[in-house]
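Observations on the three-dimensional arrangement
This is what each chain is made of:
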Amino acid sequence: TSVASMAAAQAPDRTVMQKFFSPLVTDKWQTAELSEAVHWSRQFVGLVTGVVWGIIPMRGTLGLVLFFVINVSAIPMMMSAKINIDMEQLGEAMSFEMSKEGFIASFATFLVAWILSYTAFQA
Amino acid sequence: RRHPGFACQCTITSRLREVRAMFPFHGLMTLGVAIVSTLTAEGLSFYVVYSTENYRKTKKSIDASNKKIGRLKEELAALDPAKRKIKQRELSRIEHDVVKMDRDLAAMQSKSTMAVAVIALVILMTLSTAFSGVAVAKLPFVPLQFITALSHRGLEGDDMRDCSVAFLYMLCTMSLRGNVQKALGFAPPKSLMQVHAAQAQARFLKSKNLL
């Protein structure tokens, strides 16, 4: 056990991407790291939703409303499905204060993707 | 008689022509300009603000103080109530210092924000002149009236679904700035007051069983 604990103490901290894509049971998430994972997940959801909305095509306010619903509901599901974390810590990472910049950026990403894919496939 | 493969070739060529005609060249050009301008602005911010000794020193002090705050909170939780007063005083003093350092960092960051805004404005004016009267994309929704002032800027006609370069460029910049900052590690850390507000919001969500 002393050798194992020395090895654990010397092991370098895993990056956010490593912890997210190859999660281990021993991983410990800081709130800042969780906030970063939530930010990039939001951007990915915004980009994919925008492209799909442009291909379907989705038009009008319904598309915007559905994006908000998906963004709010999909992120906790993705995070809890992918990694093992405390929900209070996730709530802190996803709170308005921590994620407002990420939400604005993901909304802008979604709009750009939607506008360009709509123009490409429908206009 | 034409070879049977000829009809197939015609269909493929006409489909390729259709795809090329639909391809949003102007929209993608606007996105390309936004990417280059964001990277240039962040590069400039790096040399003017982020790489300065003052900024690095302040950021390092904030990180060290936040770690100290975390350690003190753990020690406080393990102590008897009678022995907590001195540690509590030390914690309050460090938090006060961190709030001051956060304010200094925000003041330095505001210089970079202003520089980025000026660069974006100059490029926007150039793009507006170059794309005057040209709808760079088609909007999938009709924007609200106060947004059409931007989204239909410089365009003729009544079709409010025509998108001007100004609106698309603004959206691209909003999307790219935050992501480029985060990707390059230039994003400022959350201030202590923001962290406390986030913790309070999380406790509220948990109390209402929304988590």
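The present account deals with the structure reproduced in this document.

Parameters at a glance
Residues numbered from 1 in each chain as written. Chains lettered and ligands numbered in written order. Predicted model: local features only at pLDDT ≥ 70, side-chain atom pairs only at ≥ 80, totals over all residues. Heavy atoms only, no water. Phe/Tyr/Trp six-rings, centres within 6.5 Å; stacked < 30°, edge-to-face > 60°. Core = buried A, V, L, I, M, F, W, Y, C linked by side-chain atoms within 4.5 Å. Buried < 20%, exposed > 50% of the residue type's maximum accessible area, 1.4 Å probe, protein only. Helix = DSSP H or I, 4+ residues; strand = E, 2+ residues; numbered from the N terminus. Expected span 1.5 Å × (residues − 1). Bend = angle between axes of the 7 residues up to and from the residue. Axes fitted to C-alpha atoms, helices over the stretch in contact; angles between N-to-C directions. Parallel < 35°, antiparallel > 145°, perpendicular 65-115°, else oblique. Left-handed = near helix turned anticlockwise from the far one by under 90°. Contact = heavy atoms within 4.5 Å.

Attention shifts here to the packing of aromatic side chains. Scanning the model with the defined rule gives 12 aromatic pairs over all chains in all. Joined through ring pairs, the aromatic side chains of Phe-67, Phe-68, Phe-103, Phe-107, Phe-110 and Trp-114 of chain A together with Phe-141 of chain B make up one cluster.

With that settled, consider the nonpolar core. Core analysis: the biggest nonpolar cluster contains 26 residues, and Phe-110, Leu-111, Trp-114 and Ile-115 of chain A together with Leu-168 of chain B have the highest contact counts within it. For this core, the secondary structure elements donating two or more residues are helix 4 (60-82) and helix 6 (96-121) of chain A together with helix 4 (84-130) and helix 6 (165-184) of chain B. For this core, the leading source of residues is helix 6 of chain B, giving seven residues. Core analysis: the next-biggest nonpolar cluster, separate from the first, contains 15 residues, Tyr-50, Ile-69, Leu-91 and Ile-94 of chain B among them.

A separate point is helix 4 of chain A. All names here are of chain A. Taking 1.5 Å per residue, 23 residues should reach 33 Å; helix 4 reaches 33 Å between its end C-alpha atoms and fits that length. Maximum bend of helix 4: about 30°, positioned at Ala-74, with proline Pro-76 one to four residues after it. Along helix 4, the positions that sit buried rather than exposed are Gly-60, Gly-63, Leu-64, Phe-67, Asn-71, Ala-74, Ile-75 and Met-79.

Let us look at the side chain of Glu-95 of chain B. Its location among the elements puts Glu-95 of chain B in helix 4. On the basis of relative accessibility, which here comes to 18%, the residue Glu-95 of chain B falls in the buried class.

Running from amino to carboxyl end, helix 3 (residues 31-55) of chain A crosses helix 6 of chain B at an angle of 140°, the nearest separation of the two axes being 12 Å. Relative to helix 6 of chain B, the element helix 3 of chain A lies oblique. Read as a crossing pair, helix 3 of chain A and helix 6 of chain B show a hand that is left-handed. Residue-level contacts link Glu-36, His-39, Trp-40 and Gln-43 of chain A of helix 3 of chain A to Asn-179, Lys-182 and Ala-183 of chain B of helix 6 of chain B.

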